[in-house]
Amino acid sequence: MRVGIGYDVHKLTENRKLILGGIEIPYEKGLMGHSDADVLIHAIMDALLGAAAKGDIGKNFPDNDEKYKDISSMILLKRVKDILNEDGYTVVNIDSTIVAQRPKLASYIDSMRKNIAEVLEIEIEQINIKATTEEGLGFTGEGKGISAYAICMLKK
């Protein structure tokens, strides 16, 4: 068994779609980034790659490579799954937390879980996603950005 942890943060900005867990969330701002800036998927990918000792998303999908410009993070998650499979790893479980003052995310969580389960070819019960605020504190609490944490367990 191997355990990995991941973290990601992106700034909220005008004229971008807000994508979390592969779902477009209606909101007046989106996350700034080279790809679609899906902080949840990025945190999950870093947890998975870390557990397998395969670096991080920056190493595997550099933000100075134009082939990753505006790419869906779900496509990158599929590539991470392929990297894990090459070394004989399968996902036991993923637990994650999205930190955002707004928008409220509870109604989107089951769709996010379904998307991630489909890409990783695991059961939806193997994925947990929580959403929380920071009670107005810090950059996420002030509505300047969104962050996400993830932890996972892999088995060979």
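Described below are features of the structure shown in this document. (Residues numbered from 1 in each chain as written. Predicted model: local features only at pLDDT ≥ 70, side-chain atom pairs only at ≥ 80, totals over all residues. Heavy atoms only, no water.)

1. Digging into the overall build of the protein
When you go through the protein residue by residue, the secondary structure sums to five helices and seven strands. Secondary structure elements of the protein, listed N to C terminal, follow the sequence β-β-β-β-α-α-α-β-α-β-α-β. For 156 residues, the compact-globule estimate of 2.2 N^0.38 gives 15 Å, and the protein sits close to it at 15 Å. If you line up the protein on its principal axes, its C-alpha atoms span 40 × 35 × 25 Å. Here the protein holds 156 residues, and 49% of them are scored as buried. Considering only intrachain contacts with a sequence separation of at least 6, the fraction spanning at least 24 residues in the protein is 70%. Surface accessibility of the protein: about 7700 Å² in total, with carbon and sulfur atoms responsible for 50%. (Helix = DSSP H or I, 4+ residues; strand = E, 2+ residues; numbered from the N terminus. Rg over C-alpha atoms; globule rule 2.2 N^0.38 Å. Buried < 20%, exposed > 50% of the residue type's maximum accessible area, 1.4 Å probe, protein only. Contact = heavy atoms within 4.5 Å. Areas by Shrake-Rupley, 256 points an atom, 1.4 Å probe, with all protein chains shown as cover.)

2. As for the packing of aromatic side chains
Within the structure shown, the criterion is met by two aromatic pairs. Note that Lys 156 overlies the ring of Tyr 89, its terminal NZ or CZ placed 4.8 Å from the centroid. (Phe/Tyr/Trp six-rings, centres within 6.5 Å; stacked < 30°, edge-to-face > 60°. Lys NZ or Arg CZ within 6 Å of the ring centre and 35° of its normal.)

3. Regarding the sheet that holds strand 1 (residues 2-13)
One open sheet accounts for five strands, arranged 4-1-7-5-6; its pairing is mixed. The two strands at the open ends of the sheet, each matched to only one other strand, are strand 4 (30-31) and strand 6 (127-132). Alignment of strand 5 (residues 90-99) against strand 6, held across six bridges, turns out to be parallel. By the bridge assignment, Thr 97 is partnered in strand 6 with Lys 130. (Pairing = 2+ DSSP bridges.)

4. Brief notes about the pairing of strand 1
Taken together, the 10 bridges between strand 1 and strand 7 (residues 145-155) define a ladder with antiparallel strand orientation. Paired with His 10 across the two strands is Ile 146, which belongs to strand 7.

5. Section: a nonpolar patch on the surface
Taken together, Tyr 7, Val 9, Phe 139 and Tyr 149 make up a surface patch of nonpolar side chains, about 350 Å² in accessible area. With respect to the secondary-structure elements, Tyr 149 resides in strand 7. (Patch = residues over 30% accessible without salt bridge, like charges linked within 9 Å, V, L, I, M, F, W, Y side chains within 5 Å. Salt bridge = Lys/Arg side-chain N within 4 Å of Asp/Glu carboxyl O.)

6. As for helix 3 (residues 73-86)
Compared with the 20 Å implied by 1.5 Å per residue over 14 residues, the 20 Å span of helix 3 between its first and last C-alpha is a close match. Of all the residues in helix 3, the buried ones are Ser 73, Met 74, Leu 76, Leu 77, Val 80, Lys 81, Ile 83 and Leu 84. Burial along helix 3 is one-sided: seen end-on, the buried residues are contained in an arc of 160°. In the core, the buried residues of helix 3 are packed alongside helix 1 (39-51), helix 2 (57-60), strand 5, helix 4 (109-120) and strand 7. Backbone nitrogen of Met 74 and a side-chain oxygen of the N-cap are separated by 3.1 Å at the start of helix 3; the cap is Ser 72. Positioned one or two residues after helix 3, Gly 88 has a phi angle of 80°, which is positive. (Expected span 1.5 Å × (residues − 1). Arc of directions from axis to C-beta. Polar contact = N/O pair within 3.5 Å; in protein donor to acceptor, adjacent residues only side chain to side chain.)

7. Considerations on the side chain of Thr 97
As for its placement among the helices and strands, Thr 97 is situated in strand 5. What makes Thr 97 buried here is its relative accessible area of 18%. Looking at Thr 97, its side chain comes within polar contact range of the side chain of Lys 130, at 3.4 Å. Not counting chain neighbours up to four residues away, the residues in contact with Thr 97 comprise Lys 130, Thr 132, Ser 147, Ala 148 and Tyr 149.

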